[in-house]
Amino acid sequence: FNSQGLLPESAEAPAAPPSLALAAPHGSSALVDAASARAAVAHALTLKCPRCQRAFAMEDDFADCFCLRCSSCPCMFCAWCLEECPA
């Protein structure tokens, strides 16, 4: 994990033991690729602007209003619910 709590895309994690591997649906014997599963989790847990999808991070001690302005587009949005704020 980096200083923003995100898993770097270049990071390689050890393979899961066979007992922890996830089976594909419908009884298939194929296993879910651990790297793609980790990437999907990291993608889902990364906070993003609702308009342009640029990732952002908040400081651990952030205690003010959750209305933010994206640094990439003119979008103002709530960092709590990720809905756009009225201007």
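A few points on the structure.

When helices and strands are counted, the protein chain shows 1 helix and 2 strands. Across the 87 residues in the protein chain, those meeting the buried criterion constitute 13%. When the accessible surface of the protein chain is totalled, it reaches about 6900 Å², and 58% of it is carbon and sulfur.

Among the nonpolar cores identified, the biggest contains 7 residues, and these are Cys-49, Phe-56, Cys-70, Cys-73, Cys-75, Phe-77 and Ala-79. Excluding residues within four positions of it along the chain, Cys-73 makes contact with Cys-49, Arg-51 and Cys-52.

A word on unusual backbone geometry. For Gln-53, which is not glycine, the phi torsion reads 70° and is therefore positive. Looking at where Gln-53 falls in the secondary structure, it is placed in the loop between helix H1 (34-45) and strand S1 (67-69). You will see that Leu-82, though not glycine, has its phi angle at about 65°, which is positive.

This brings us to the pattern of salt bridges. In total, this model carries 1 salt bridge according to the counting rule given. Taking the shortest distance from any N to any O, the salt bridge between Arg-51 and Glu-84 comes out at 2.6 Å. One end of the pair, Arg-51, is in the loop between H1 and S1; the other, Glu-84, is in the segment after strand S2 (76-78), with 33 residues separating them in the sequence.

Rules used throughout
- Residues numbered from 1 in each chain as written.
- Predicted model: local features only at pLDDT ≥ 70, side-chain atom pairs only at ≥ 80, totals over all residues.
- Heavy atoms only, no water.
- Helix = DSSP H or I, 4+ residues; strand = E, 2+ residues; numbered from the N terminus.
- Buried < 20%, exposed > 50% of the residue type's maximum accessible area, 1.4 Å probe, protein only.
- Areas by Shrake-Rupley, 256 points an atom, 1.4 Å probe, with all protein chains shown as cover.
- Core = buried A, V, L, I, M, F, W, Y, C linked by side-chain atoms within 4.5 Å.
- Contact = heavy atoms within 4.5 Å.
- Salt bridge = Lys/Arg side-chain N within 4 Å of Asp/Glu carboxyl O.

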